[in-house]
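Close look at the chain arrangement
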Amino acid sequence: MTTTVTHLFPQTRIGIVGGGLMAQVHSRAARAAGAEVLAVATRTAAGRIRAQGATGAELAYRSAEELLADDRIDVVHICTPNGSHAELVRAALAAGKHVVCEKPLATSAAEAEQLVQLAAGTGLVAAVPFVYRFHTVIREVRARVASGITGRLFTIQGAYLQDWLAAPADDDWRVDPTFGGPSRAFADIGSHLCDAIEFVTGDPIRRLCARVRTVHESRATNKNVATEDAVTVVFETDAGVIGTLHVSQVAHGRKNALLLEIAGENESLVFDQENPDLLRVGTRAGFLARLRSDDVDPAARPYSRIPAGHAQGYQDAFNAFVADTYRAVTGSTPDGLPTFADGLRAVELTEAVLRSDADGSWIDTPAALARTRRFGGHSLASLGA
Ligand code: SOE
């Protein structure tokens, strides 16, 4: 099924809980979809002034409770530190709001699973912004794999590298497990990488073996750092494809490099989120760099919003995710919308990584397909079932 992302949703009113970088990104995407950013909620007075300025929200509430009590709000975007997600999701669903919750959906799989069940029982839309799915090139990779152009898959090489925590003086709330949860680098960015891999291949990671490293034991305010800076993983999928993942927030020079290389029997496909309009297609003759063009697969075409050569990037992908979420709110079933089931999947993989490192062993990941079948939702298509 193809999806148009050109709809506007002027009837949709949203509220954002949290006032940081992601609140700004969500507010821009909501506005691009034609929605009204009615309110933002943050705890401190200074935070409210900043958040209202940054998001352009009409109102600034002192608490999530106040925002959730506003009957005009249809969709709540949760952009607070990870440790507060589960409680806010429960409150938002109880208030009858559709929910977009930042990843990780929760800081434990048990809690994430409860949220999946809770959301399924309400019939409300419950989405998690795995936004790299919304790059045209990622949709094109998915279409090439699904149609058999790439052929049987042999190996997958994935990396997600950043450098914003490279120096010991760098710090953030994510470093502290009380706010960020037990995993930092993997939960924050490794989750995007795993989601992208399972999304484009439709083939779940079946088992993995991981090593995690905290390279800076002490940072500016967090003196006993308990969360990881970097992770390496070896994995095997349901279909027997083997692969590696390398995740780091201490990789100098890398800003937001989600790198994905899939080698199949007919071609290799390479995506780099720092250059997301470019698909590199490898054959025995070498690599061909294909700029996003107008002759992509029909399933990818709706995500190509402006003519080729006019670069699209991160915010465009985010806008497309939010527009598809609002389409779901109005009763459509957009292809590949990441839901709470996908949020749960990411938390399960994160727990498998931490367990593997602690035990020094291979870990079987929970059966992704069985679970999404049980709960239904959009993930069935996204996992190729
Ligand atoms: C910080 O690592 C961050 O903003 C992540 O939290 C986002 O999910 C990722 O898309 C970009 O980097």
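Residues numbered from 1 in each chain as written. Predicted model: local features only at pLDDT ≥ 70, side-chain atom pairs only at ≥ 80, totals over all residues. Heavy atoms only, no water.

All right, on to the site of the ligand then. Lining the immediate surroundings of the ligand are Lys103, Tyr132, Tyr160, Gln162, Trp164, Arg174, Asp188, Ile189, His192, Asn256 and Tyr314. The separation between an oxygen atom of the ligand and a polar side-chain atom of Arg174 is 3.4 Å. A distance of 2.8 Å separates an oxygen atom of the ligand from a polar side-chain atom of His192. In isolation the ligand has 310 Å² of accessible area, and contact with the protein removes 89% of it. Per element, the largest residue contribution to the shell around the ligand is three residues, and it comes from helix H8 (residues 185-201). Partitioning the shell around the ligand into residue classes produces five nonpolar, three polar and three charged. (Near = heavy atom within 4 Å. Polar contact = N/O pair within 3.5 Å; in protein donor to acceptor, adjacent residues only side chain to side chain. Areas by Shrake-Rupley, 256 points an atom, 1.4 Å probe, with all protein chains shown as cover. Helix = DSSP H or I, 4+ residues; strand = E, 2+ residues; numbered from the N terminus. Nonpolar A, V, L, I, M, F, W, Y, C, P; charged D, E, K, R; others polar.)

Turning our eyes to something else, we now look at helix H2 (residues 45-55). Looking only at H2, the buried set comprises Gly47, Arg48, Ala51 and Thr55. Buried residues along H2 cover an arc of 100° about the axis, so they all sit on one side. Turned more than 90 degrees away from the buried face of H2 sit Ile49, Arg50 and Gly53, all of them exposed. Of the residues one or two after H2, Gly56 is the one with positive phi, at around 70°. (Buried < 20%, exposed > 50% of the residue type's maximum accessible area, 1.4 Å probe, protein only. Arc of directions from axis to C-beta.)

Now for the sheet that holds strand S12 (residues 268-272). Read across the open sheet, the nine strands follow the order S14-S13-S12-S11-S7-S10-S9-S8-S15; overall the sheet is mixed. A single partner strand is all that each edge strand has here, and the edge strands are strand S14 (286-291) and strand S15 (363-364). Taken together, the eight bridges between strand S7 (residues 153-161) and strand S11 (residues 257-264) define a ladder with antiparallel strand orientation. Following the sheet pairing, Leu161 is matched in S11 by Ala257. Here helix H6 (residues 136-147) sits on the sheet and contacts S7, S11, S12, strand S13 (278-283) and S14; the angle it forms with S13, its principal contact strand, is near 30°. Across the sheet, H8 lies against S7, strand S8 (205-213), strand S9 (230-237), strand S10 (242-248) and S11, angled at about 150° from S10, the strand it touches most. (Pairing = 2+ DSSP bridges. Contact = heavy atoms within 4.5 Å. Axes fitted to C-alpha atoms, helices over the stretch in contact; angles between N-to-C directions.)

Right, let's get into the side chain of Ser191. Relative to the elements of secondary structure, Ser191 occurs in helix H8. The class of Ser191 is buried, set by a relative accessible area of 4%. Each residue touching Ser191, except ones within four places of it in the same chain, is listed here: Lys103, Phe130, Phe186 and Ala346.

A word on the nonpolar core. In this structure, Leu208, Val233 and Leu260 are the most contacted members of the largest nonpolar core, which totals 38 residues. By residue number, the principal contributor to this core is H8, which donates nine residues. Beyond its immediate stretch of four places on either side in the chain, Val233 contacts Phe186, Leu208, Cys209, Ala210, Gly243, Thr244, Leu245 and Val353. Membership of the second largest hydrophobic core comes to 33 residues, among which are Ala41, Ala64, Val116 and Ala119. (Core = buried A, V, L, I, M, F, W, Y, C linked by side-chain atoms within 4.5 Å.)

Moving on: the packing of helix H1 (residues 21-32) against helix H9 (residues 314-329). Remark: H1 packs on H9, axes separated minimally by 8 Å, with the N-to-C direction vectors making an angle of 60°. Crossing of H1 against H9: the hand is right-handed. Here Met22, Val25, His26, Arg28, Ala29, Ala30 and Ala32 of H1 lie close against H9, whose contacting residues are Tyr314, Gln315, Phe318, Asn319, Val322 and Tyr326. Its residues placed into classes, the contact of H1 with H9 shows nine nonpolar, three polar and one charged. (Left-handed = near helix turned anticlockwise from the far one by under 90°.)

Relative orientation and spacing of two packed helices are given, respectively, by the angle between their axes and the distance between those axes. Look at helix H4 (residues 85-94) against helix H5 (residues 109-122): their axes get within 11 Å of each other, and the N-to-C directions meet at 10°. Looking at the two axes, H4 sits roughly parallel to H5. Contact with H4, carried on its side by Ala86, Val89, Arg90 and Leu93, involves Glu111, Gln114, Leu115, Leu118, Ala119 and Thr122 of H5 and no other residues of that element. In terms of residue class, the contact of H4 with H5 is built from six nonpolar, two polar and two charged. (Parallel < 35°, antiparallel > 145°, perpendicular 65-115°, else oblique.)

Pairing is parallel across the open sheet formed by six strands, whose spatial order is S3-S2-S1-S4-S5-S6. At either end of the open sheet lies a strand with only one pairing partner, and these are strand S3 (59-61) and strand S6 (126-127). In this structure, strand S4 (residues 75-78) lies alongside strand S5 (residues 98-101), joined through four bridges in parallel fashion. Each bridged residue has a counterpart across the sheet, and for His77 the counterpart in S5 is Val100. Here H9 sits on the sheet and contacts strand S1 (13-17), S4, S5 and S6; the angle it forms with S4, its principal contact strand, is near 145°.

So, about the packing of aromatic side chains. On inspection of all chains with the given rule, the structure shows six aromatic pairs. Here the aromatic rings of Tyr132 and Tyr314 are separated by 6.1 Å at their centres, their planes lie at 45°, and the arrangement is tilted. With Tyr132 in the loop between S6 and H6 and Tyr314 in helix H9, this residue pair connects regions lying 182 residues apart in the sequence. With a centroid separation of 5.8 Å and an interplanar angle of 65°, the aromatic rings of Phe134 and Tyr303 are classed as edge-to-face. With a gap of 169 residues between them, Phe134 in the loop between S6 and H6 and Tyr303 in the loop between S14 and H9 connect regions that are remote in the sequence. The exposure class assigned to Phe134 is buried, which follows from its relative accessible area of 2%. Exposure remark for Tyr303: the relative accessible area of 2% places this residue in the buried category. Joined through ring pairs, the aromatic side chains of Tyr132, Phe134, Tyr160, Tyr303, Tyr314, Phe318 and Phe321 make up one cluster. Against the face of Phe134 rests Arg139, its NZ or CZ located 4.8 Å from the ring centre. The residue whose ring lies beneath Arg139 is Tyr303, and the NZ or CZ to ring-centre distance is 4.4 Å. (Phe/Tyr/Trp six-rings, centres within 6.5 Å; stacked < 30°, edge-to-face > 60°. Lys NZ or Arg CZ within 6 Å of the ring centre and 35° of its normal.)

This is a description of form; function is not addressed.
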